[in-house]
Amino acid sequence: MTQASSTRSAADTSRPALATADTPAAGEPRGWWRDAVIYQVYPRSFADANGDGMGDLPGIRSRLPHLRDLGVDAVWLSPFYASPQADAGYDVADYRAVDPMFGTLLDADALIRDAHALGLRIIVDLVPNHSSNQHEWFQRALREGPGSPLRDRYHFRAGRGTAGELPPNDWESIFGGPAWTRTENPDGTPGEWYLHLFAPEQPDFNWESPAVADEFRSILRFWLDMGVDGFRVDVAHGLVKAPGLPDLGAHDQLKLLGNDVMPFFDQDGVHQIYRAWRKILDEYPGERILVAEAWTPTVERTANYVRPDEMHQAFNFQYLSTYWDATALRQVIDASLDAMRPVGAPTTWVLSNHDVTRHATRFGNPPGGTQLRTAGDRELGLRRARAATLLMLALPGSAYLYQGEELGLPDVTDLPDEVRQDPSYFRASGQDGFRDGCRVPIPWSGSAAPYGFGPTAGGPSWLPQPAEWASLSVEAQTGDPASTLELYRSALAIRRRQPELGAGDRVEWLDTPPGVLMFRRGDFVCAVNTTGQPVELTVAGTLLLSSAEDRQPGVLPADSTSWWAV
Ligand code: GLC
């Protein structure tokens with residue numbers, strides 16, 4: 001693909017360092033986040049500097065030039081805080097400390113500084129719905145027993161039944177099983193129960209407690225003072241529970257998730273919290289942002305999180321959940337843009353993250369949700385994934401990439417049970433929870449595992465990498481114009497040169513045959529063929545980039561996307 005190689009040299013490697021907190025750069029445009037391409041780093045699996053098989057902050061720091069060369073604007077780091085790792089760091093024991101497995105606070109500081117010097121912003125994960133059960137507050141609450149004021153910071157309740165032997169209500173954990181675990185009193189007798197919407201090691205905070213609200217305002221300031229550019233807010237829809245914690249009265253509750261407002265999700269009270277946080281962020285220079293991980297029933301309800309005085313962005317999970325189908329894609333694109341326009345927030349787009357099957361695998365399988373167990377048709381999946389990415393990067397708003405998708409990595413669907421670590425896999429008895437498959441460490445170089453993920457050939461990696469990943473490494477793909485890595489580099493370089501790609505809040509749809517989408521944005525046209533057949537299509541303009549190798553003039557290849565300047 002010659003376009004890919006010709007635009008490679010245009011990758012913006014010379015962009016200026018970012019403003020520091022104290023000195024905004026002259027002429028820096030407002031609203032950097034409105035069309036930003038934000039790259040998710042999953043620290044366990046990105047790069048391992050000390051060779052223990054687990055990714056770490058010095059490893060990430062050493063690979064920042066890859067992200068700069070790729071052409072992204074910001075990096076979102078999944079949690080690296082002190083944690084017993086019951087849910088891969090989403091169980092935080094100390095919100096102001098770096099887990100020794102990932103490094104130190106000094107490493108975090110150096111990472112933030114290096115990123116800024118390379119023109120990359122840093123967004124960190126904030127986990128306010130629950131802490132680890134090893135958090136000092138929870139441990140003290142357990143030790144001090146019923147009546148301890150510390151218990152008010154979580155949801156402790158007496159059980160139902162004659163002797164309190166039944167959970168206080170019928171809620172189920174997202175990871176399977178009851179959402180309550182019974183405690184033991186300090187004297188060894190059975191005690192109260194506590195609520196955990198996720199694993200038992202992740203007790204939910206009680207956001208009615210002023211101490212909880214105060215603590216998180218202070219944690220925000222701690223990281224803002226460290227210089228971070230924003231926060232991705234984990235389970236942003238879960239902090240407030242319906243008064244009285246009412247029964248749901250339904251079986252198979254997981255099926256209801258995302259279809260309705262639940263007594264523990266998407267309660268209107270959450271918005272007050274984010275209004276308070278926004279005020280704090282606005283005190284800091286440099287446009288720090290809040291990004292909601294909010295699984296809501298509709299895009300309209302997602303828009304509530306990004307009203308002008310709340311967060312800046314919310315993930316578009318409706319888009320992520322949409323299959324490779326022209327009608328469905330057009331519908332979700334229109335619905336997303338329509339929902340965000342009235343609140344003035346940019347729409348976001350995302351295809352993969354650390355919780356779902358990678359899109360290169362989803363699209364090689366028949367439609368079937370976001371947690372798949374089958375590899376499907378690898379070639380078809382990758383072909384569609386490349387096309388889906390070019391579509392996403394042509395839409396107005398901000399796009400999220402998940403580490404490794406720029407290499408076209410598939411999910412590893414055949415990990416043996418004994419290496420799996422995802423708690424949802426074990427709690428759901430292997431019925432669901434295949435998140436380890438998208439968390440396998442990144443191949444960087446070389447012909448022997450861990451393919452440059454760690455410093456030594458033959459060294460460990462916390463999840464095993466498939467042998468065929470040698471040919472998918474950054475090194476193997478660099479300079480190969482047909483590679484997925486060079487496609488991403490070219491697309492992002494074009495997006496930087498043609499700011500209208502991410503700007504605005506509308507697309508102008510053009511007439512097309514069934515299964516094909518085409519839209520215009522300024523003097524740019526994007527056409528997408530979601531069918532398995534080539535389609536005749538002539539665009540009067542210059543072809544900028546295509547996701548397919550098998551191009552001919554006047555034809556849009558099967559399962560492909562092309563960009564033109566017109
Ligand atoms: C979010 C995270 C997920 C985690 C859960 C509990 O959904 O993305 O990885 O397991 O929250 O914190």
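Right above here is the structure, for reference.
About the criteria used
Residues numbered from 1 in each chain as written. Predicted model: local features only at pLDDT ≥ 70, side-chain atom pairs only at ≥ 80, totals over all residues. Heavy atoms only, no water. Helix = DSSP H or I, 4+ residues; strand = E, 2+ residues; numbered from the N terminus. Rg over C-alpha atoms; globule rule 2.2 N^0.38 Å. Buried < 20%, exposed > 50% of the residue type's maximum accessible area, 1.4 Å probe, protein only. Contact = heavy atoms within 4.5 Å. Areas by Shrake-Rupley, 256 points an atom, 1.4 Å probe, with all protein chains shown as cover. Lys, Arg positive; Asp, Glu negative; His and termini not counted. Charge placed at Lys NZ, Arg CZ, Asp CG, Glu CD. Salt bridge = Lys/Arg side-chain N within 4 Å of Asp/Glu carboxyl O. Pairing = 2+ DSSP bridges. Expected span 1.5 Å × (residues − 1). Polar contact = N/O pair within 3.5 Å; in protein donor to acceptor, adjacent residues only side chain to side chain. Near = heavy atom within 4 Å. Nonpolar A, V, L, I, M, F, W, Y, C, P; charged D, E, K, R; others polar. Phe/Tyr/Trp six-rings, centres within 6.5 Å; stacked < 30°, edge-to-face > 60°. Lys NZ or Arg CZ within 6 Å of the ring centre and 35° of its normal. Core = buried A, V, L, I, M, F, W, Y, C linked by side-chain atoms within 4.5 Å.

**Considering the overall build of the protein**
And then number 1: For the protein, the helix and strand inventory stands at 16 helices and 20 strands.
And then number 2: A compact globule built from 566 residues should have a C-alpha radius of gyration of about 24 Å, and the protein, at 23 Å, falls within 12% of that.
And then number 3: The buried share of the protein, reckoned over its 566 residues, is 59%.
And then number 4: Residue pairs in contact within the protein that sit at least 24 positions apart in sequence constitute 68% of those at least 6 positions apart.
And then number 5: Accessible area for the protein stands at about 20700 Å²; split by element, carbon and sulfur atoms hold 52% of it.
And then number 6: One finds the centroid of the 50 positive side-chain charges in the protein at a distance of 3 Å from the centroid of its 74 negative side-chain charges.

**With respect to the pattern of salt bridges**
Two side chains that carry opposite charge are able to pair once their charged atoms sit near each other.
And then number 1: Evaluated as defined, the whole model comprises 33 salt bridges.
And then number 2: Here Arg435 and Asp422 are joined by a salt bridge, their closest N and O atoms 2.8 Å apart. Taken together, the positions of Arg435 in the loop between α14 (423-427) and α15 (474-477) and Asp422 in the loop between β13 (398-402) and α14 put the pair 13 residues apart, joining distant regions of the chain.
And then number 3: Judged by relative accessible area, which is 8%, Arg435 ranks as buried.
And then number 4: Relative accessible area serves as the criterion here: at 0%, Asp422 is assigned to the buried category.

**Observations concerning the environment of Val419**
And then number 1: Summarising the element assignment, Val419 is placed in the loop between β13 and α14.
And then number 2: For the pair Val419 and Ala236, spaced 183 residues apart in the sequence, the C-alpha separation amounts to 30 Å.
And then number 3: When near neighbours in sequence (up to four residues on either side) are disregarded, Val419 contacts Leu463 and Pro464.

**Observations regarding the sheet that holds strand β5 (residues 121-126)**
And then number 1: Read from one edge to the other, the open sheet built from eight strands follows the order β11-β10-β9-β5-β2-β1-β13-β12, with strand pairing classed as parallel. Across the chains shown, the open sheet's two edge strands, defined by having one partner strand only, are β11 (313-314) and β12 (348-350).

**Some details on the pairing of strand β2 (residues 74-77)**
Taken residue by residue, a regular strand's side chains alternate between the two faces of the sheet.
And then number 1: Along β2, one buried face is formed by Ala74 and Trp76 and the opposite face, lined by Val75 and Leu77, is buried too.
And then number 2: Of the pairings in the sheet, the one linking strand β1 (residues 37-41) to β2 comprises four bridges and is parallel in character. Across the sheet, Tyr39 pairs through a bridge with Val75, a residue of β2.
And then number 3: Strand direction decides the pairing type here: β2 and β5, joined by four bridges, are parallel. Across the sheet, the residue bridging to Val75 is Ile122, located in β5.

**Brief notes about helix α4 (residues 105-117)**
And then number 1: When the terminal C-alpha atoms of α4 are compared, their 18 Å separation across 13 residues agrees well with the 18 Å that a helix rising 1.5 Å per residue should span.
And then number 2: If you check the start of α4, you find a side-chain oxygen 3.2 Å away from the backbone N of Leu106, and it comes from Thr104.
And then number 3: Just beyond α4, the residue with positive phi is Gly119, at close to 80 degrees.

**Here we look at the site of the ligand**
And then number 1: Taken together, the neighbourhood of the ligand is formed by 14 residues, with Asp87, His130, Asp234, Glu293 and Asp355 sitting nearest.
And then number 2: In this structure, an oxygen atom belonging to the ligand sits 3.0 Å away from a side-chain N or O atom of Arg435.
And then number 3: Calculation on the ligand without its partners gives an accessible area of 300 Å², and the protein chains cover 96% of this total.
And then number 4: Tallied by class, residues from the shell around the ligand come to four nonpolar, three polar and seven charged.

**Quick look at the packing of aromatic side chains**
And then number 1: The full count for this structure, using the stated rule, is 32 aromatic pairs.
And then number 2: Judged by centre distance (6.1 Å) and plane angle (50 degrees), the ring pair of Phe156 and Tyr194 falls under tilted. Of this pair, Phe156 sits in strand β6 (residues 156-157) while Tyr194 sits in strand β8 (residues 190-195), placing them 38 residues apart in sequence.
And then number 3: Looking at Phe156, the relative accessible area reads 7%, which means it is buried.
And then number 4: Judged by its relative accessible area of 6%, Tyr194 is buried.
And then number 5: Arranged with centres 5.0 Å apart and planes meeting at 75 degrees, the rings of Phe264 and Phe265 form a pair that is edge-to-face.
And then number 6: We classify Phe264 as buried; its relative accessible area is 1%.
And then number 7: Three or more aromatic residues joined by ring pairs make a cluster, and in this case those are Tyr95, Trp137, Phe138, Tyr154, Phe156, Tyr194, Phe205, Trp207, Phe216, Tyr274, Trp277 and Tyr305.
And then number 8: Stacked on the ring of Phe363, the Lys or Arg Arg362 has its end atom at 5.4 Å from the ring centre.

**Quick look at the nonpolar core**
And then number 1: The biggest cluster of nonpolar side chains holds 141 residues, and the ones touching the most others in it are Leu67, Phe80, Phe231, Tyr274, Trp277, Tyr319 and Trp563.
And then number 2: Sequence-distant contacts of Tyr274, that is, excluding residues within four places in its chain, are made with Val233, Ala236, Leu239, Leu290, Tyr305, Asp309, Glu310 and Met311.

**Considerations on helix α16 (residues 484-497)**
And then number 1: Here α16 is 14 residues long and its end C-alpha atoms lie 20 Å apart, about the 20 Å a rise of 1.5 Å per residue gives.
And then number 2: Burial analysis of α16 places 12 of its 14 residues in the buried class, which makes it a mostly covered element.
And then number 3: Taken residue by residue, α16 has Thr484, Leu485, Glu486, Leu487, Tyr488, Arg489, Ser490, Ala491, Leu492, Ala493, Ile494 and Arg495 as its buried positions.

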